[in-house]
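Okay, here's what each chain looks like letter by letter:
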Amino acid sequence: QQQVKQSPQSLIVQKGGISIINCAYENTAFDYFPWYQQFPGKGPALLIAIRPDVSEKKEGRFTISFNKSAKQFSLHIMDSQPGDSATYFCAASTTLKNYGGSQGNLIFGKGTKLSVKP
Amino acid sequence: NAGVTQTPKFQVLKTGQSMTLQCAQDMNHEYMSWYRQDPGMGLRLIHYSVGAGITDQGEVPNGYNVSRSTTEDFPLRLLSAAPSQTSVYFCASSYRRANTGELFFGEGSRLTVL
């Protein structure tokens, strides 16, 4: 059972365009939704994250939009650049109240390979 | 500042052989985990540890063994390698009680089982 569904699998965007990657989740106990960026030959790295008490979070050209009722969240990359070409993973986890409020294990989507053409 | 260090970066095994993937972190993180990454499958959790002496299974634990004798090290053992275990393996760590939940990943170990 795939708990976090990510689409599209691949995405080609022109330089300066907007890249949009979507994720949907099933478990309503999820309360932490990060996005990770991975370049070839490297490990994933945290890009931006959101909690369900806000509907949007923006950091530079990267924005997460969150729709709690629809159980969906998305990553928007404004003014996409060739250097943004990478694989992006959405993820979700729950807060472990029995462990001092720390986050539980991350469940990842299958990833989106973004190519930004110059 | 080393972060999360994985060795080896590349390994070729024959079916039935055993080996250990090493993972070490120098950030004093309580939480450590192992993921495998396969094309089109994303990252799947194999085993994780919330502190020295404590380990638990993730989504795909079969064929793998772990131990956590120190805070710094979290080795992953393949008991009898199978071609289905051909994958890229990532070790990750985080503060156990971090509000952000940010995972810090190593650069991966690419394993091929013939």
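Definitions and cut-offs
Residues numbered from 1 in each chain as written. Chains lettered and ligands numbered in written order. Predicted model: local features only at pLDDT ≥ 70, side-chain atom pairs only at ≥ 80, totals over all residues. Heavy atoms only, no water. Pairing = 2+ DSSP bridges. Helix = DSSP H or I, 4+ residues; strand = E, 2+ residues; numbered from the N terminus. Axes fitted to C-alpha atoms, helices over the stretch in contact; angles between N-to-C directions. Patch = residues over 30% accessible without salt bridge, like charges linked within 9 Å, V, L, I, M, F, W, Y side chains within 5 Å. Areas by Shrake-Rupley, 256 points an atom, 1.4 Å probe, with all protein chains shown as cover. Salt bridge = Lys/Arg side-chain N within 4 Å of Asp/Glu carboxyl O. Phe/Tyr/Trp six-rings, centres within 6.5 Å; stacked < 30°, edge-to-face > 60°. Buried < 20%, exposed > 50% of the residue type's maximum accessible area, 1.4 Å probe, protein only. Disulfide = S-S within 2.5 Å.

Novice: Lay out the sheet that holds strand 3 (residues 19–25) of chain B with the relevant residues and their values.
Specialist: Residues and elements named next belong to chain B. Reading across the sheet, the four strands line up as 1-3-8-7 and stay open at both edges, with antiparallel pairing between neighbours. Of all strands in the sheet, those bounded by a partner on one side alone are strand 1 (4–7) and strand 7 (64–66). Averaged over neighbouring strand pairs, the angle between their axes works out to 20° when direction is ignored. Across four bridges, strand 1 lies against strand 3 in antiparallel orientation. Pairing of Q6 across the sheet is with C23, part of strand 3.

Novice: Account for the sheet that holds strand 1 (residues 4–7) of chain A, naming residues and giving values.
Specialist: Hydrogen bonds between backbone atoms are what pair the strands of a sheet, whose relative direction is either parallel or antiparallel. Residues and elements named next belong to chain A. Read across the open sheet, the five strands follow the order 1-3-8-7-6; overall the sheet is antiparallel. Every other strand in the sheet has two partners, leaving strand 1 and strand 6 (56–59) as the edge strands with one partner each. Taken over all neighbouring pairs, the strand axes of this sheet differ in orientation by 15° on average, direction set aside. For strand 7 (residues 62–67) and strand 8 (residues 72–77), the ladder comprises six bridges, and the chain directions are antiparallel. The partner of N67 across the bridge, within strand 8, is Q72.

Novice: Which residues make up a nonpolar patch on the surface, and what are the values?
Specialist: Together, I18, I20 and M78 of chain A make up an exposed nonpolar region whose accessible area comes to about 240 Å². With respect to the helices, strands and loops of the structure, I18 of chain A is situated in the loop between strand 2 (10–14) and strand 3 (19–25).

Novice: So, the packing of aromatic side chains: which residues are in play, and what are the values?
Specialist: Residue and element names in this part refer to chain A. Under the defined criterion, the tally for this structure stands at 17 aromatic pairs over all chains. Seen in terms of ring centroids, W35 and F73 are 5.7 Å apart; in terms of plane orientation they differ by 70°. Their pairing is edge-to-face. Here W35 is found in strand 4 (residues 33–38), whereas its partner F73 is found in strand 8, with 38 residues between them in sequence. Residue W35 shares its accessibility class with F73, and that shared class is buried. Each member of the aromatic cluster is reached from another via a ring pair, and the members are Y25, F30, F33, W35, F66 and F73.

Novice: An account of the state of the cysteines is requested, with residue identities and associated values reported.
Specialist: If you walk through the whole model with that rule in mind, you get two disulfides over all chains. Linked covalently through their sulfurs, C23 of chain A and C90 of chain A form a disulfide whose S-S length is 1.8 Å. Residues C23 of chain A and C90 of chain A are joined by a disulfide whose S-S torsion is about -90°; by sign, that bridge is left-handed. In this pair, C23 of chain A sits in strand 3 while C90 of chain A sits in strand 9 (residues 86–92), placing the two residues 67 residues apart along the sequence. Looking at C23 of chain A, the relative accessible area reads 2%, which means it is buried. In this structure C90 of chain A comes out as buried when scored by relative accessible area, which is 0%. Between the sulfur of C23 of chain B and that of C91 of chain B lies a disulfide, 1.9 Å long from S to S. Between C23 of chain B and C91 of chain B, the disulfide has an S-S torsion of -75° and is therefore left-handed. Here C23 of chain B, found in strand 3, pairs with C91 of chain B, found in strand 9 (residues 87–94); they are 68 residues apart in sequence, far enough to count as distant. A relative accessible area of 2% means that C23 of chain B is categorised as buried. Among the residues examined, C91 of chain B registers a relative accessible area of 0% and is labelled buried.

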